[in-house]
Amino acid sequence: MKKYFLLFALLGMIAVLPMSSCKKSTPGNEVVTPDPDPDPDPQPQPGKRNVIVWVDARANVFGTYGRLNDTAEISKILDTLKNVGVTGIVLDLKGSSGYTMYPSSYATQVTSQDGKTITPGIDYAQFFISSARQRNLKVYASIITFVEGDGARGIGNVFEDPVFKNEYQSVAVDASGNRVPITSTGKNGFVNPAIPAVQERALNIIKEIVQNYDVDGLILDYARYADINTDFSDFSKQDFIKFLEEKYSDANAKYMNFPADIVSSWRNNNGQIVPNTQGTYYKKWLLYRSKVIYDFFVKARQAVKSVKPNVDFGVYVGAWYATYYQMGVNWASQDYDPFNDPELRFDWAYPEYNKTGYAEQLDLLMTGNYFTQLMINDNPASAGMKYHWWSVEGSIKGTKYITRNKVELYGSMDLGNIAWPNKEAISRTMKYILDNTSGGLMLFDLCHIYAPQYNMLKQPLWDAVSEGLK
């Protein structure tokens, strides 16, 4: 999962600083109040305390302080995880470079990077998985789905393969309205998820992992567009026109001024390129993008189940649903209609947007509840709200509301990239998530726990995790 990132300060509720460590997506800054009379919250299963730790490959294997390139250290870390009460891991097997951590028929395997080399002669994935199994830990494999190039290092298919670079690489729009390759903006090499060959590659890797390794589940990460300003390639233009013609019988679609008829002007909002003036087709464009991702999820679930029906299919997403539409993703239930919710009144929603909700495709959902504000009433700005997307309590309640209890929910914490005031706050948040979710807790990332350099408290966090699991 994994790139370095910056979380915004939201209404003074979230104290966050940038940090050079492992990943995740960033929330926006709106506050919304959902329907005061939602469906009943799901009841967490008594005694069910699944605690999953994410293991980012680059940070833990090849990072400056990463230690898991050594088999002895892998065994030692797994023992420690087991001893503090962790019940499973998410093992990153395809990173942002597009390279895999195992021998693949569809991707380049990486065994050395940044001066670190995996113990020669071993299959890293097989060793890690079998070692975890010996300790009765669950194992979920993860892949960074629609990224094929590490922008910081200039490595991966988008940099090395002309087809990926010139045909598959996502096309972004800059603040001036120019269409440019996404890597020219300094971001990782996202590829266009609408392209069939891009989807087929991801599906082949999914099936390969599930076939070759004894995993409990397959988790998609970055199974989305890069941001609201992508993808504006010629392929997406033609695919969108086809969508308009087939769904709306729009005979004028082929004459559109692309991309101005979608977004007429753009602006830079604290480093994010966002629409300044919406065009005629803007909301239908959002619906189209969300349908692209939904259709892929249907295929991805089938890919997993066709190989091993008992393997779970899941995803990691940011918990900030109010702005996650910018990524082309609708992780709600199809029974939740954002267009017809009078309380939330999402102004980006369009009729039938609910049909792109993919919660029903999932066995488990991991949401990034990456906030230092725990309870809604902890801040006067949100006190009294039933929901609030930018606090742990509010985002968990909001997630239950829009997923309609259709999927097992894991709340997630970022232990390293946000400014926890102390270890007690970490432990307290862990306890809250475990008590209020149907699936359990995901901790991001392992490196943040053992390496003081990888968290803002500059201390190992084993005791905080242990306390949170008591």
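Reference entry: report on the structure contained in this document. Because the structure is predicted, anything quoted here is derived from the model rather than measured.

## Let's talk about the overall build of the protein chain
- Helix and strand content of the protein chain: 13 helices and 14 strands.
- Burial analysis of the protein chain (470 residues in total) assigns 61% to the buried set.
- Counted over contacts in the protein chain with a minimum sequence separation of 6, partners at least 24 positions apart contribute 74%.
- Element-wise, carbon and sulfur atoms account for 46% of the exposed surface of the protein chain, whose accessible area totals about 17,200 Å².

## Side note on the layout of surface pockets
- Estimated volume of the second largest pocket: approximately 330 Å³.
- Along its surface, the second largest pocket is lined by 16 residues, and A194, D239, K291, V292 and D295 are the ones closest to its centre.
- The set of elements that each furnish at least two residues to the lining of the second largest pocket consists of α6 (196-212), α7 (234-248) and α8 (282-307).
- Along the lines of polarity and charge, the residues of the lining of the second largest pocket split into seven nonpolar, one polar and eight charged.

## Quick look at the side chain of S236
- In this fold, S236 is placed in helix α7.
- In contact with S236, not counting residues within four places along its chain, are N192, D231, W285 and Y288.

## Digging into the pairing of strand β10 (residues 272-278)
- Where strand β9 (residues 263-269) meets β10, six bridges bridge the pair, whose relative direction is antiparallel. Bridge pairing links W266 to P275 in β10.
- Two successive antiparallel strands, β9 and β10, enclose a turn made up of two residues, where N270 displays a positive phi of approximately 55°.

## Remarks on the packing of aromatic side chains
- One pass over the full model with this rule turns up 36 aromatic pairs.
- Geometrically, the ring pair formed by Y321 and W331 is edge-to-face, given 5.3 Å between the ring centres and 80° between the ring planes. Of this pair, Y321 sits in helix α9 (residues 321-324) while W331 sits in the loop between α9 and β12 (364-368), placing them 10 residues apart in sequence. Considered together, Y321 and W331 belong to a single accessibility category, that of buried residues.
- Seen in terms of ring centroids, Y321 and W348 are 5.9 Å apart; in terms of plane orientation they differ by 65°. Their pairing is edge-to-face. In this pair, Y321 sits in helix α9 while W348 sits in the loop between α9 and β12, placing the two residues 27 residues apart along the sequence.
- The class of Y321 is buried, set by a relative accessible area of 1%.
- Exposure remark for W348: the relative accessible area of 4% places this residue in the buried category.
- An aromatic cluster is present here, built from F232, F240, F243, Y248, F258, W266, Y281, W285, Y288 and Y350 joined pairwise through their rings.

## Considerations on the sheet that holds strand β5 (residues 138-144)
- The parallel closed barrel is built from eight strands, whose spatial order is β1-β2-β5-β8-β11-β12-β13-β14. Direction aside, the axes of adjacent strands within the sheet are offset by 25° on average.
- Sheet strands in contact with helix α3 (residues 124-134) are β1 (50-55), β2 (88-94) and β5, and its direction is about 175° off that of β2.

## A few points about the environment of I449
- Looking at the secondary structure, you find I449 in helix α12 (residues 446-450).
- A relative accessible area of 1% places I449 in the buried class.
- C-alpha of I449 to C-alpha of L461: the two residues are 12 residues apart in sequence and 4.7 Å apart in space.
- If we skip the residues at most four places from it in the chain, I449 touches V53, L415, P460, L461, W462 and V465.

## Regarding the nonpolar core
- Ranked by internal contacts, the top residues of the largest apolar core, which has 153 residues, are I206, L220, F297, Y321 and Y358.
- Ranked by residue count, the leading element in this core is α8, at 13 residues.
- The contacts of F297, once residues within four sequence positions are left out, are L220, A223, F313, V315, Y358, Q361 and L362.

Basis of the calculations
- Chains are numbered independently. Their residues run from 1 in the order of the written sequence.
- For this predicted model, a pLDDT threshold of at least 70 governs which residues receive local features, and a threshold of 80 or more governs which side-chain atom pairs are given and counted, while totals over whole chains, interfaces and linings are taken from all residues.
- By convention in this description, side-chain values take in all heavy atoms of the structure and omit both hydrogens and water.
- Helix and strand definitions follow DSSP, with helices as H or I runs of at least four residues and strands as E runs of at least two, each counted in order from the N terminus.
- Only protein chains enter the calculation, and the probe is 1.4 Å; a residue is then buried if its accessible area is under 20% of its type maximum, exposed if over 50%, and partly exposed in between.
- Here, two residues are considered to be in contact whenever any of their heavy atoms come within 4.5 Å of each other.
- Here, Shrake-Rupley sampling with a 1.4 Å probe gives the accessible areas, and only protein chains in the shown set may cover a residue.
- Every definition here rests on a 1 Å grid over the protein atoms only: cavities are sets of points where a 1.4 Å probe fits but cannot get out, pockets are open sets enclosed by protein on both sides within 12 Å along at least five of seven lines, and lining residues have some atom within 4 Å of a point.
- Grid points are joined across faces, edges and corners, and a volume is the space filled by probe spheres set on the points.
- Residue polarity follows a fixed list, in which Ala, Val, Leu, Ile, Met, Phe, Trp, Tyr, Cys and Pro are nonpolar, Asp, Glu, Lys and Arg are charged, and the others, Gly among them, are polar.
- By the convention used here, strands pair only if DSSP detects at least 2 bridges between them.
- To pair, rings of Phe, Tyr and Trp, with the six-membered ring standing in for Trp, must have centres within 6.5 Å; the planes then decide the type, stacked if under 30 degrees apart, edge-to-face if over 60, and tilted in the middle.
- Axes, fitted as lines to C-alpha atoms, cover a helix only where it is in contact. Angles between the N-to-C directions of the axes lie from 0 to 180 degrees.
- Here, nonpolar core means buried Ala, Val, Leu, Ile, Met, Phe, Trp, Tyr and Cys residues that are tied together by side-chain atoms lying within 4.5 Å of each other.

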